[in-house]
Amino acid sequence: MADLSLLQDSQEDTDGFGVDGYSSESDAIIIPSVLDFVSQDEMLTPMGRLDKYISSENVFNRQMVARSLLDTLRAVSEDERECVSVLERIDRLADDSEPTVRAELMEQIPHIAIFCQENRPSIPFAFSKFLLPIVVRYLADQNNLVRKTSQAALLVLLEQELIERGDVESLVCPVLVDLTAPDSNDDVKTEAMAIICKMAPMVGKDITERLFLPRFCEMCCDCRMFHVRKVCAANFGDICSVVGGEATEELLLPRFFQLCSDNVWGVRKACAECFMTVSSATSPEVRRTKLSSLFISLISDPSRWVRQAAFQSLGQFISTFANPSGHAGQYFRDEANWSETQTHSTNGETPAVSHNPSGCEEEVESVKCLHEETEDRDSPTSAPDDPDPNPDPQDEQEIFNSFQYWRTPLPEINLDLLEKEEKEEEENRASAPALGRKQLEELIENLEPHIDDPDVKAQVDVLTAALRATALDSGLENAFLEPRAARSNPFSSQNPSELLSENTQRFVCCVFQRRDSADDSDVSDGSANPDDERKSKQQDVVPQALLDQYLSMTDPSRAQTVDMEIAKHCAYSLPGVALTLGRQNWHCLRDTYETLASDMQWKVRRTLAFSIHELAQILGDQLTAAHLVPVFNSFLKDLDEVRIGVLKHLYDFLKLLHQDTRRKYLYQLQEFLVTDNSRNWRFRSELAEQLVLLLELYSAQDVHDYLRPLAFCLCTDRVSSVRWTSYRLVSEIIRKLSSCSSLLVGFLGELVEKFCHSRKWSGRQAFAFVCQLSVEEECVSLDQFSEHLLPPLLLLASDPVPNVRVLLAKTLRQTLLEREFFLSSAGCQQEALEHTLVSLQTDIDKDVKYFASVHPGNTRVNEDAMSTTSSTY
């Protein structure tokens, strides 16, 4: 404070003199005083400064003391006595009356604890004796900031395993349990309960069951504080995962049922969000008989937010029904082992797939084995047991409520008569020609006045897709050769013959029926009999009610009554649901998948595009060729946001196809060079990376005919990152063509002509880098390299651009001269190599001279080589 008073006196003197009367004498008086004050402070020992400011009346000084405690400990770390003295000062500072000082101290506790752990021989028991009691005491501090800081510090200490297990059990856990007592402060109780839930996975099953579980069950029934119940509901799954299945079913499930029927919608919403984790901790019988009906109640909850959370978790909950040993009959040719992706709710595009509890890759069973395993399961038509033995008589009326169905119930229909009519209708439809554009336009024109109706709007969307699809050629072979201009419409890229013959024709026939019907609501979108359609989607893997709710996520009414992005959540979890049901039940999901693939929202199609390779792995080659290839073709002509999904996994999908089908995509690879935004260079970079992988799927002749032009085009890209990946692609093409000498000679000659003799210096530099990479990666034999690439490479020694000569010098010194072949071989090649190296060593450019002269084993050379290469590309 003395320096501030001197500065104030100086300011007053200056103001008295004014600007014109400024006196240098005042300056001469002030500066030495300030310097004296600073010098006196610096002359103090670390402990002296600590004692001086720890009792300061200025709050800022005490905050600075707390902030500099770690530096003080480091300064006196060699003296055990002084270290203990600093820790005693910390205990004194912890009693400070100012909350900001206590909060600042608590922020430094984890760093000080790590220091004490590293210097444990010098200051044993420092943490448990001095620091941990402060953390525990601050958990009940009156100030909210201090409590929050202490809670964060406690979690960090537990994560870093800085607290002994005995201290956790004897010091930390009892305090947290006491803070959740009924007479505790409401805010403190809620925060303590949250800390207990976060600590449970860290402290393990034993401590959680003995110390935390009784209080957790008690807090789940706290009638006064819904905040506490909400915290319990949000962390219910984590507690179940820690204590295991037996404790979950005996103690926790009754509380979970109570929370799911809580009168506060936020509690029920939290239960819906953690439902999958709770289900994973229970037995299959409990999951099927009790949790299924409980989840159905959440899906039909009066609160829209609860229904939204339930539908988002529906696919993940269904994935917990997957067979943990057989993977629901998944088998793809000879590739029986594959890695699963654990189900998580992240903002990425990775699909949700059921996790194997064993944590390792196992050989999956065939479909035949699956049928043997599932013979003893419940009948597909059996309803799950109701956990309530006395159901409300109003439940039957709630079957068709506004939250589950978007139209009135259909009347009873004579099934025998309907089946006969359907067969006749199918025969007539098979012989009927496809509707022309004029007829489709008339239908759309008649429906447009009623487009406000969601049902009518869905019809118009499909008819519009059919109208645009008529412009395409009907046939799979021609579909592969369609120009990219046709991809502006996401619907038009589907196989036209399949689209019109199966889906659209059936839908259009239904439209004709609707025009002749007096009541539009009595006719469904794609089938005259919903009972028959429901029968076609029967299975015995998961409760049918759950699957029916999942399939309803594509209904347009769901977007209006539940969530605008419900279709995206359905698409995200579809691979997990497909893996659970198995390929033998793919017919249950096929219509839903096709609906999602033609959804108007590009985010839905993008999600499917990112996961189509996973779905192909699940379904196998036959189902993939029949049902996924048309969808894959449509994604190839979609928006760039969708195309990037299939491009990132292009190799993963194409390797699962038959060789003949896979070869047809060679014609479409060039379309990836064209993007909606020319600045989207990452799209082209991803293409180059995928082409490197695709080389193994095609013959040398196909690589030469189709992939070679793409590689040369990408090598001239404006973005260096794309070119770098393309140079590696060119070197891998050389490796691929090495099996055919005629193709290799022609490719190397073209490489020399396009790059070594290029008018642009970047092309000549690229040639030098490709040569270096080809030798380092052993893509070509040294004899062929010496014959076809070395002579034009040495000609670059007279290149007028120094950057080209720099890369040439590094290629000769760091790559070629490291091979015994070029050192021991006699002849003109060796003489030319030595002559070129000598000329580079006397180059006028110092960088060229440096890289041509210094041995490549020098570390500095390697670092400079990388930096120079990066700067020149």
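Our subject in this report is the structure included herewith. (Residues numbered from 1 in each chain as written. Predicted model: local features only at pLDDT ≥ 70, side-chain atom pairs only at ≥ 80, totals over all residues. Heavy atoms only, no water.)

**Quick notes on the overall build of the protein chain**
Okay, step 1: When its secondary structure is counted, the protein chain shows 47 helices and 0 strands.
Okay, step 2: Buried positions account for 49% of the 873 residues belonging to the protein chain.
Okay, step 3: Long-range pairs, those at least 24 residues apart, make up 72% of the contacts in the protein chain with a sequence separation of at least 6.
Okay, step 4: Roughly 41,700 Å² of accessible area belongs to the protein chain as shown, and the carbon and sulfur atoms make up 50% of that amount. (Helix = DSSP H or I, 4+ residues; strand = E, 2+ residues; numbered from the N terminus. Buried < 20%, exposed > 50% of the residue type's maximum accessible area, 1.4 Å probe, protein only. Contact = heavy atoms within 4.5 Å. Areas by Shrake-Rupley, 256 points an atom, 1.4 Å probe, with all protein chains shown as cover.)

**Here we look at the side chain of Asp-640**
Okay, step 1: Take Asp-640: it is sitting in helix α33 (residues 640–648).
Okay, step 2: On the basis of relative accessibility, which here comes to 6%, the residue Asp-640 falls in the buried class.
Okay, step 3: Reaching out from Asp-640, the side chain makes a polar contact with the side chain of Arg-643 at a distance of 2.9 Å.
Okay, step 4: Separated by 2.5 Å, the side chain of Asp-640 and the backbone nitrogen of Asp-676 make a polar contact. (Polar contact = N/O pair within 3.5 Å; in protein donor to acceptor, adjacent residues only side chain to side chain.)

**Structural notes on the packing of aromatic side chains**
Okay, step 1: In this structure the tally under the stated criterion is 17 aromatic pairs.
Okay, step 2: For the pair Phe-632 and Tyr-665, a centre-to-centre distance of 5.4 Å together with 80 degrees between the ring planes defines the contact as edge-to-face. With Phe-632 in helix α32 (residues 621–636) and Tyr-665 in the loop between α35 (659–663) and α36 (681–694), this residue pair connects regions lying 33 residues apart in the sequence.
Okay, step 3: Ring centres of Phe-712 and Phe-755 lie 5.7 Å apart, and the angle between their planes is 45 degrees; this geometry places the pair in the tilted category. In this pair, Phe-712 is assigned in helix α37 (residues 700–715) and Phe-755 in helix α39 (residues 741–756), connecting sequence segments 43 residues apart. Like Phe-712, the residue Phe-755 is buried in the burial classification.
Okay, step 4: Between Lys-810 and the ring centre of Phe-851, over which it is positioned, the NZ or CZ distance is 5.3 Å. (Phe/Tyr/Trp six-rings, centres within 6.5 Å; stacked < 30°, edge-to-face > 60°. Lys NZ or Arg CZ within 6 Å of the ring centre and 35° of its normal.)

**Some thoughts on a negative patch on the surface**
Okay, step 1: Negative charge collects at one region of the surface, where Glu-78, Asp-79, Glu-80 and Glu-82 lie side by side.
Okay, step 2: By secondary structure assignment, the location of Glu-82 is in helix α6 (residues 80–93).
Okay, step 3: The exposure class of Glu-82 is partly exposed, given its relative accessible area of 31%. (Patch = residues over 30% accessible without salt bridge, like charges linked within 9 Å, V, L, I, M, F, W, Y side chains within 5 Å. Salt bridge = Lys/Arg side-chain N within 4 Å of Asp/Glu carboxyl O. Lys, Arg positive; Asp, Glu negative; His and termini not counted. Charge placed at Lys NZ, Arg CZ, Asp CG, Glu CD.)

**Here's the deal with the packing of helix α12 (residues 205–220) against helix α13 (residues 226–234)**
Okay, step 1: For the pair α12 and α13, interaxial distance at closest approach is 8 Å and the crossing angle is 125 degrees. One finds that α12 runs oblique with respect to α13. Judged by the twist between their axes, the crossing of α12 over α13 is left-handed. Along the contact surface, α12 presents Phe-216, Met-219 and Cys-220, while α13 presents Val-228, Arg-229 and Cys-232.
Okay, step 2: Here the contact of α12 with α13 is composed, by residue class, of 5 nonpolar, no polar and 1 charged. (Axes fitted to C-alpha atoms, helices over the stretch in contact; angles between N-to-C directions. Parallel < 35°, antiparallel > 145°, perpendicular 65-115°, else oblique. Left-handed = near helix turned anticlockwise from the far one by under 90°. Nonpolar A, V, L, I, M, F, W, Y, C, P; charged D, E, K, R; others polar.)

**Here's the deal with helix α31 (residues 602–619)**
Okay, step 1: Between its first and last C-alpha, α31 extends 24 Å over 18 residues, near the 26 Å set by a 1.5 Å rise per residue.
Okay, step 2: Most pronounced at Ser-611, the bend in α31 amounts to some 50 degrees.
Okay, step 3: Within α31, 15 of the 18 residues are buried, which leaves it mostly tucked inside the rest of the structure.
Okay, step 4: One or two steps after α31, the chain reaches Gly-620, where phi turns positive at roughly 95 degrees. (Expected span 1.5 Å × (residues − 1). Bend = angle between axes of the 7 residues up to and from the residue.)

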